[in-house]
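Structural overview for review
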Amino acid sequence: MADRTHVLRADLSAGTLRRERVPERWRRLYLGGKGLGARYLLSELEPGVDPLAPDNLLCFLVGPLSGSVPGEPRYAAVTKSPLTGCFLDSYAGGEFAARLAGSLDDCLGLLVTGASDDPVRIEIDGGAGRIVPADCWGRDAVETAERHPEAAVACAGPAGENGVRYATIASDGGEHHAGRGGAGAVMGAKGLKAVVARGNSADPATPKLATLREEYEDRFAADSTGRWHAASGTAESAEFANAVGGLATEGWTRDRFEGVESIGVEAAREASTGRENPDSAVSGDFRVETDAGETVPRGAVSMSLGAGLGIDDFDAVAALGGLCDRLGIDVVSAGNAVAWLARSADESDVVDVDVAFGDPAVARRAIRRIAGVSVDSDEGGSDEIDPEAIEALRLGVEVAADRFDLTTVPTVKSMTLPSYDPRVAPAMALAYATSDRGGCHRRARPIEREVFTAWDQGDRVQPVIRAQNVRSLLWSLVADDFAGETMWSDRGQPFMRALDSTADVAYPTDSDALSAVGERIWTLVRLFNVREGFDRGDDRLPDLFAEPIADGPAAGRRIDPAAFEETLGAYYRSRGWNAEGVPTAATIDRLGLDRSELDRPELDLDDAPDNAERQLSRTGTDDR
């Protein structure tokens, strides 16, 4: 595989596609994936651009090590989110990710601007591409993939076509998704139905990288994360959250779900027809068969569409997950949207709805209505749902809450939270609040450790910062979410050294330099969000978390608002940001970011943090 030095740029308004070289400095400072996407967004988007306007940029990016790192190949979808208005990076693995990396050849990605009057698809092979008419607008993810059996496909489903602001980019027939945040809606607004990768999967770039990949996959298989994933995948996530008293249930009204075993890992094993990737180092989740076809219900499905909606029937929950997969709609957001309807029906007469917890038929109808597709009369369940509420929910739960003055489901930066209640692990509250794309548990997951240990308030800042920095690095390479954790302690140093020996750019190869890459990328994204108007007020927690949990093993736990503000201030100081969460000039200079390129407001130089405290963010033990 040749060194990745270029990108493909498609202008859908002009109908053109060309190759262009990536600045060498950008490749060295930001690598690929998340980092490179953030740099392009900050460089090319006008502040305040409408995410659904033609001027927004949508990036399909791989990294310099794609095909060479352990685990499942992944790609990054990077854009400005139509749900939150801030930076969005979403990731998906599978065949499309593998073949995209191979099809791009010496390119790091596909950049899409403009919008087409008629639906189109972009086909990629051999480091080149073409824009052609798409004849499957209105088709779901499975039907769209079936149109191209000889290739791998990522597409906007009906939800993306209809402007649902938490629509996904669905790949491999809906088996994988670049979820959360609405990248699928950006794709739909551009008239881009699909990206079709016609090349073969990317192989390790050198024999040395092939050997390293094999070595690290063996290490993953022996690691606790690898053993856990081989045994259960993500299917036991709901049972873990339930056991510690932090499983958001029935629209965040409770933190325990009595029927969790019926939708947990044993139910998944019993229904399974096999594993997602049985021959891979990361075997994936359990495949199950539904009336509508095969699906892979991951942990988020059981948590958000099961416990979150009070449904204890595994087959019904899996079918709801499969429906979301086909429609291209994020399962966490969809579950919270239906939960908002159910709570509104139960707690208020402002919204005219007939939606209740525990009813999979009505949940199915509500999801189809939100996605903008017809509801079959033989599906069962009431169709009496206020059209105004459905229209508002397409724009997000926060829009619906504001429109009807019914704030019932928690959000951070307009993104509904996954089902881990942060009151059982206050470091998780900090992770949610400071997440660069909205309420997300993937940037940092301190809940996995804090629930088993007694962390003081001062113990919470550094694990969150380290996780955010390291994941920013790994998502720029782009590494597998699970097997990539074997690169956590050495930051992928052996891989970067092997790559650097054959590359035309001087990549960072020592631990400090690679750590700085992660911190640089996280800071760059913060600069983008600040430019879009985000500040400390957006790093807030919903009022719900100041209330104590009512019962269960975490009864009485709450997030103290004053203590949280102190922790947030300590987080800013450790990052080298001022009191409003703006990176200072000293931090920007230290990380090698060129202020003249950043096109941002004047920096406040009077609130620079203490250097000793900031240095803690780059040292200390691992947080996995």
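See the structure above.
Heads up: these notes are all about the structure in this document. It should be emphasised that the depicted structure is a prediction, and the values quoted were computed from it without experimental measurement.

1. Focus: the overall build of the protein chain
Looking only at helices and strands, the protein chain features 24 helices and 17 strands. Projected onto the principal axes, the alpha-carbon positions of the protein chain cover approximately 60 × 55 × 50 Å. The buried share of the protein chain, reckoned over its 624 residues, is 64%. A gap of 5 Å separates the mean positions of the 67 positive and 105 negative side-chain charges of the protein chain.

2. Brief notes about the layout of surface pockets
By volume, the second largest pocket amounts to about 400 Å³. Asp140, Val142, Ala292, Gly322 and Arg326 are the residues nearest the centre of the second largest pocket, which is lined by 24 residues in total. Here the lining of the second largest pocket takes six residues from helix H12 (residues 314-327), the largest share from any one element. For the lining of the second largest pocket, a count of residues per class yields eight nonpolar, seven polar and nine charged.

3. Re the packing of helix H13 (residues 331-347) against helix H14 (residues 360-371)
For the pair H13 and H14, the least separation of the axes is 10 Å and the interaxial angle reads 110°. On the basis of the axis angle, H13 is roughly perpendicular to H14. Like other packed secondary-structure pairs, H13 and H14 cross with a definite hand, here right-handed. Within the contact between the two elements, H13 uses Ala334, Ala337, Val338 and Leu341 and H14 uses Ala363, Ala366, Ile367 and Ile370.

4. Some words on the packing of helix H19 (residues 461-477) against helix H22 (residues 561-575)
Two quantities define a packed helix pair, namely the angle between the helix axes and the distance between the axes. The contact between H19 and H22 brings their axes to 10 Å, and the two run at 50°. In terms of orientation, H19 lies oblique with respect to H22. As H19 runs across H22, the sense of the crossing is right-handed. On H22, the residues that touch Val461, Gln462, Val464, Ile465, Gln468 and Asn469 of H19 are Thr567, Ala570, Tyr571, Ser574 and Arg575.

5. As for the packing of aromatic side chains
Two numbers describe a pair of aromatic rings. These are the distance of the centres and the angle of the planes. Per the stated rule, a full pass over the model turns up 14 aromatic pairs. Considering the side-chain rings of Phe87 and Phe528, the 6.5 Å spacing of their centres and the 75° angle between planes classify their relative orientation as edge-to-face. Here Phe528 lies in helix H21 (residues 511-531) and Phe87 lies in strand S5 (residues 87-93), a separation of 441 residues in the sequence. Considered together, Phe87 and Phe528 belong to a single accessibility category, that of buried residues. Centroid distance Phe240 to Tyr420: 6.5 Å. Interplanar angle 65°. Geometry classified as edge-to-face. You can see Phe240 sitting in helix H9 (residues 237-243) and its partner Tyr420 sitting in the loop between strand S17 (415-416) and helix H17 (426-434), a full 180 residues away along the chain. What makes Tyr420 buried here is its relative accessible area of 11%.

6. Here we look at the environment of Asp512
For Asp512, the position within the fold is in helix H21. Sequence separation between Asp512 and Asp490 is 22 residues; the distance between their C-alpha atoms is 9.9 Å.

7. Considerations on the sheet that holds strand S11 (residues 176-178)
Spatially, six strands are ordered S8-S7-S12-S9-S10-S11 in an open sheet, and the strand pairing comes out mixed. Only two strands of the sheet have a single partner each, and these edge strands are strand S8 (128-133) and S11. The average undirected angle you get between the axes of adjacent strands in this sheet is 20°. Two elements, strand S9 (residues 152-156) and strand S12 (residues 192-197), share four bridges in a ladder whose sense is antiparallel. Of the residues in S12, the one forming a bridge with Ala152 is Ala197.

8. Side note on the nonpolar core
Across soluble globular proteins, nonpolar side chains show a tendency to be buried alongside one another. In this structure, Leu305, Ile329, Trp340, Leu341, Ile367, Leu393 and Tyr571 are the most contacted members of the largest nonpolar core, which totals 142 residues. The contact partners of Ile367, leaving out residues within four places of it in the chain, are Leu305, Leu320, Leu323, Cys324, Leu327, Ile329, Ala334 and Val338.

9. Description of the pattern of salt bridges
If charged atoms from side chains of opposite charge come close, those side chains can pair. Counted under the stated rule, the structure contains 45 salt bridges. Salt bridges here are not isolated pairs; linked through shared partners, they connect Arg121, Glu123, Arg130, Glu150 and Arg198.

10. Notes on the state of the cysteines
Within this structure, the stated rule accounts for zero disulfides. Free cysteine Cys59: the closest other cysteine sulfur is in Cys107, separated by 13 Å. Using a relative accessible area of 0% as the deciding quantity, one classes Cys59 as buried. Cysteine Cys440 remains unbridged, with the sulfur of Cys86 as its closest cysteine sulfur at 11 Å. On the basis of relative accessible area, Cys440 is assigned to the buried category, the value being 2%.

11. Some remarks on the pairing of strand S3 (residues 58-61)
The alternating pattern of S3 places Leu58 and Phe60 on one face and Cys59 and Leu61 on the opposite face, and all of these are buried. With four bridges connecting them, S3 and strand S6 (residues 107-113) associate as antiparallel partners. Within S6, the position partnered with Leu58 by the bridge is Val112. Where S3 and strand S4 (residues 74-80) come together, three bridges link them in antiparallel fashion. Bridge pairing in S4 places Cys59 opposite Val78.

12. Points about the pairing of S5
Where burial is concerned, most of S5 is hidden: seven out of the seven residues are buried. Residues Phe87, Asp89, Tyr91 and Gly93 of S5 are buried on one face, and the alternating residues Leu88, Ser90 and Ala92, pointing to the opposite face, are buried as well. One ladder, built from seven bridges, connects S4 with S5; its direction is antiparallel. Across the sheet, the residue bridging to Thr79 is Leu88, located in S5.

Conventions we followed
- Sequence order as written defines residue numbering, which begins from 1 separately in each chain.
- Residues qualify for local features only when their pLDDT is at least 70, as the model is predicted, and side-chain atom pairs are given and counted only at 80 or more; totals for whole chains, interfaces and linings, by contrast, use all residues.
- Side-chain descriptors were evaluated using all non-hydrogen atoms of the structure, hydrogens and water having been removed beforehand.
- Note on conventions: DSSP H or I runs of at least 4 residues are helices, E runs of at least 2 residues are strands, and numbering of each starts at the N terminus.
- Type-normalised accessible area, obtained with a 1.4 Å probe on protein chains alone, sets the label of each residue: buried when under 20%, exposed when over 50%, and partly exposed for intermediate values.
- The charge count includes Lys and Arg as positive and Asp and Glu as negative, but it does not include His or the ends of the chains.
- Where a charge lies is defined by one atom per residue type: Lys uses NZ, Arg uses CZ, Asp uses CG and Glu uses CD.
- Of the grid points, spaced at 1 Å and generated over the protein atoms alone, those admitting a 1.4 Å probe that cannot get out make up cavities, while open sets with protein on both sides within 12 Å along at least five of seven lines make up pockets; any residue with an atom within 4 Å of a point is treated as lining.
- Grid points are joined across faces, edges and corners, and a volume is the space filled by probe spheres set on the points.
- Ten residue types, Ala, Val, Leu, Ile, Met, Phe, Trp, Tyr, Cys and Pro, are classed as nonpolar, four, Asp, Glu, Lys and Arg, as charged, and the remainder, Gly among them, as polar.
- For helices, the axis comes from a line fit to the C-alpha atoms of the stretch in contact; other axes are also lines fit to C-alpha atoms, and the angle between any two N-to-C directions lies between 0 and 180 degrees.
- An angle counts as roughly parallel when it lies under 35 degrees, as roughly antiparallel when it exceeds 145, as roughly perpendicular when it falls between 65 and 115, and as oblique in every other case.
- Handedness of a helix crossing follows the sense of rotation of the near helix relative to the far helix, less than a right angle counterclockwise being left-handed and clockwise being right-handed.
- Residue contacts follow a heavy-atom distance rule, with two residues in contact if any of their heavy atoms lie within 4.5 Å.
- Put simply, two rings from Phe, Tyr or Trp (the six-membered ring, in Trp's case) pair if the centres are within 6.5 Å, and we call them stacked under 30 degrees between planes, edge-to-face over 60, tilted for the rest.
- DSSP calls a pair of strands paired once it identifies at least 2 bridges connecting them.
- Nonpolar cores were defined as sets of buried Ala, Val, Leu, Ile, Met, Phe, Trp, Tyr and Cys residues, with membership established by side-chain atoms within 4.5 Å.
- For this analysis, a salt bridge means a side-chain nitrogen from Lys or Arg found within 4 Å of a carboxyl oxygen belonging to Asp or Glu.
- A pair of cysteine sulfur atoms is labelled a disulfide when the two atoms are within 2.5 Å.

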